[in-house]
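# Chain and residue survey
Listed here are the chains, written in short residue letters.
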Amino acid sequence: MAPTDDLMERVVNLCKRRGFVFPSSEIYGGFRSTYDYGPLGSLMLRNVRDAWWRSMVQLRDDVVGIDAAILSSPKIWEASGHVATFTDPLVDCRKCHERWREDQIEGVCPNCGSTDLTEARAFNLMFKTYVGPVEADSNVAYLRPETAQGMFVNFLNVLQTSRKKPPFGIAQVGKSFRNEITPGNFVFRTREFEQMEMEYFVPPGDGPKWFEYWCEERMNWYTGLGVPPEMLRLRHHETDELSHYSSGTADIEYAFPWGWGELEGIAQRTDFDLRQHAEHSGEKLEYFDQATGERYVPHVVEPAAGATRAMMIFLLSSYQEDTVGGEARTVLRLHPRLAPFKVAVLPLSKKEPLVELSRSVLGRLQPYLQCDYDETQSIGRRYRRQDEIGTPLAITVDFDSLEDSAVTIRDRDTTEQSRVPIEDLTHEVFRRLGL
Ligand code: GAP
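Since we're looking at a predicted model, the values are computed, not measured.

The rules behind the values
- Residues numbered from 1 in each chain as written.
- Predicted model: local features only at pLDDT ≥ 70, side-chain atom pairs only at ≥ 80, totals over all residues.
- Heavy atoms only, no water.
- Helix = DSSP H or I, 4+ residues; strand = E, 2+ residues; numbered from the N terminus.
- Buried < 20%, exposed > 50% of the residue type's maximum accessible area, 1.4 Å probe, protein only.
- Contact = heavy atoms within 4.5 Å.
- Areas by Shrake-Rupley, 256 points an atom, 1.4 Å probe, with all protein chains shown as cover.
- Lys, Arg positive; Asp, Glu negative; His and termini not counted.
- Charge placed at Lys NZ, Arg CZ, Asp CG, Glu CD.
- Domains from an automatic or database assignment.
- Buried area = accessible area lost by both parts, 1.4 Å probe.
- Salt bridge = Lys/Arg side-chain N within 4 Å of Asp/Glu carboxyl O.
- Polar contact = N/O pair within 3.5 Å; in protein donor to acceptor, adjacent residues only side chain to side chain.
- Nonpolar A, V, L, I, M, F, W, Y, C, P; charged D, E, K, R; others polar.
- Pairing = 2+ DSSP bridges.
- Axes fitted to C-alpha atoms, helices over the stretch in contact; angles between N-to-C directions.
- Parallel < 35°, antiparallel > 145°, perpendicular 65-115°, else oblique.
- Left-handed = near helix turned anticlockwise from the far one by under 90°.
- Arc of directions from axis to C-beta.

Along the backbone of the protein there are 13 helices and 23 strands. The C-alpha extent of the protein, read off along each of the three principal axes, is 75 × 65 × 50 Å. Within the protein, the fraction of its 435 residues that count as buried is 50%. Within the protein, contacts between residues at least 6 apart in sequence are counted, and of these 65% link residues at least 24 apart. On the protein, roughly 20,800 Å² of surface is accessible, and the fraction owed to carbon and sulfur atoms is 48%. Between the averaged position of the 50 positive side-chain charges in the protein and that of its 66 negative side-chain charges there is a distance of 4 Å.

Here's what the structure looks like:
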C-alpha cells in the first residue's frame, strides 16, 4: 500500500500517465485548475454517473430524471438567493497581493505570512455571461452553480407529466460552475465540475424522516462501490454553517490525504425553494391530493453529490501497490461497475489464427461490456497494464484455445487464472463481475 503522504501524487501521476485526467489546455501551459478527462477518465466518469443514476432512478419507482439547461433565466438565481448570498468572503494580502477566502486562513496570508489583509468583501461565485450580442445588464445570464434549481423550476412540469405524488424525487446529473477563489487538490475543487443531485419532495413534516433515510442510503452507495467504511463519516452541520436554504445538513466526508473533506451534502431544504419560485414567478408550486382534497407545498430533502469528486475518491481508495510472484505492481481495485474496462482480451501472440479467434471473443463481449484489446508486448506486462487501470478480468487466448475452444480468465485482485469454454464466456464474465 502506498504511504498516505504521497498517495495523491501517485494517483495524479497515474491519471496523467494512463489517460484518466489531463490538465486542461496543457499545450498552452494549463488553465487554472481545469481538467480534461481522457479515454479512461471519460469512461470512468460515465460509470460514476451511471452507477448513481442506476441507484437513484433506475432501481426506484419514486424518482424520475431530467436534464435541464445550463443557461437559464437570471430570475431563477434571484429567487433562489444565489445572486444575493452565494458568496465567499474574499480578502487581499496588502503585501504580496494574493487573494484568499477569509474563512480559510485565520488572519495570516498563507503565501507570505503577512497579517496586513484588507477587509473581507463578499465575492459572488456565479459565472456571469451575456446572452445575445449586446453586453448590457438586461442580457446578463449565469452559468448554473448547482443543478438543483433545474428540478425546482420544473416541479410542476414533472408533477403533471410523470403522475408522481410525494414522496417522489427528481434527479439530474450535469455540469455546474463556480468561480471558486481557491480551487485545488486536483479535481477536488474546480471551477467547472459535475454534480449528481436529487430533490426529494415530501409532505411537510416528513422532512426529518427522509433526511435520515437519505443519509443512510447515500453512505451505502459509496461503501457498496468499494469505499472502505472507515474512510467515510457523516458530519452534521452546526447551525452557523448552514446554507441559506437549509434547516439541517449533513456532509458525507471522506478521509482525503490532507484530512476529512466534503464528498456529498444532504440537506433539508424545507419548502424554501418552491416558495421562493412561487413568489417570484407567480405560479402556484404546490401539490394537490385529489383523493384527500389536501393542498400543500412539499418539503425537500436533497442528496447533492459531486461526480468528479466522487471519481477522485474512488481512485484514491482503490489505489494499491502490492507484490505478485515477487514482482511489484500497481493495481486499482475498482468496483467492476466503475472500472473503465470490464474485460481485456489478450491474444498470447500476434499471429493468425490466434488474432482472429481473439477478435471473435472480443466480438462476443463488446455488445454488453466496455472491453480493451491489447496484443502488444509480453503477457505479464499486459496484465500489469490492465491491473494499473483497474480492469477486473483479463481473458487470454492461447494456442490451446484453437484446440479446446476455451480461454483463460485472470482475476485482477487474486491474479488467479482458470479455464473457461468460449461458449460459456459471456455468462461467466457477468457472473464474475457481479453486474
Ligand atoms: N445543491 C446543493 C449543492 O450544490 P454543495 O455542497 O455546494 O451543494 C454538492 O455541492 C456537491 O458538489 C459537493 O459535495 C461536491 O461533491 C460537489 N462540488 C461542489 N463544489 C465543487 C467544486 N468546486 N469542485 C468539485 N466538486 C464540487
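Turning next to helix α8 (residues 272–281). Looking only at α8, the buried set comprises D273, L274, Q276, H277 and A278. Close packing links the buried residues of α8 with α3 (74–80), α5 (148–153), α6 (155–162), β10 (192–202) and β13 (259–270). Just beyond α8, the residue with positive phi is G282, at close to 85 degrees.

A few words on the domain arrangement of the protein. Much of the literature gives interface size as the accessible area that the parts lose upon coming together. Entries for the protein in the domain assignment read domain 1 (7–72 + 142–315) and domain 2 (341–433). Measuring from the centre of the C-alpha atoms in domain 1 to the corresponding centre in domain 2 gives 37 Å. The interface of domain 1 with domain 2 comprises seven residues on the first partner and six residues on the second. Of all residues in domain 1, R18, L40 and L43 give up the largest surface area on contact with domain 2, accounting jointly for 64% of the area buried on that side. Here domain 1 is connected to domain 2 by two salt bridges. One salt bridge in this structure joins R18 and E388, with 2.9 Å as the shortest N-O distance. On inspection of domain 1 and its partner domain 2, the count reaches three residue pairs in polar contact (both at pLDDT 80 or more). Counting residues per element, the ones that place at least two in the side of domain 1 that touches domain 2 are α1 (7–18) and α2 (39–58). Its residues assigned to classes, the side of domain 1 that touches domain 2 comprises four nonpolar, one polar and two charged.

Right, let's get into the sheet that holds strand β19 (residues 343–347). On the basis of which strands lie adjacent, the open sheet formed by five strands has the order β20-β19-β21-β22-β23 and mixed pairing. Taken across any chain shown, the strands that pair with only one partner, and hence form the sheet edges, are β20 (371–373) and β23 (417–421). Strand-to-strand twist across the sheet, computed as the mean angle between neighbouring axes with direction ignored, equals 25 degrees. Pairing analysis gives five bridges linking strand β22 (residues 406–411) to β23, with the strands arranged antiparallel. Bridging from a neighbouring strand, V407 pairs with V420 of β23. Where helix α10 (residues 354–365) meets the sheet, its contacts fall on β19, β20, β21 (393–397) and β22, and the angle it forms with β20 comes to roughly 170 degrees.

As a further point, take the packing of α2 against helix α7 (residues 207–224). Interaxial distance between α2 and α7 falls to 11 Å at its minimum, and their mutual angle equals 140 degrees. When the axis of α2 is compared with that of α7, the two are oblique. The two elements α2 and α7 cross, and the hand of that crossing is right-handed. Listed contacts from α7 to V48, A51, W52, S55 and M56 of α2 are W214, R218 and W221. Within the contact of α2 with α7, the residues separate by chemical class into six nonpolar, one polar and one charged.

Attention now moves to the pairing of strand β9 (residues 168–177). If a strand is regular, its side chains alternate between the two faces of the sheet. In terms of burial, β9 is a largely internal element, nine of the 10 residues being buried. By the bridge criterion, 10 bridges tie β9 to β10 in an arrangement that is antiparallel. Bridge pairing in β10 places F177 opposite E192.

So, about helix α13 (residues 425–433). Within α13, the full set of buried residues consists of L425, E428, V429 and L433. Viewed end-on, α13 has its buried residues packed into an arc of 130 degrees, placing them on one side of the element. Facing away from the buried side of α13 by over 90 degrees, the exposed positions are H427 and R431. The positive-phi residue at the C-terminal boundary of α13 is G434, with phi of around 70 degrees.

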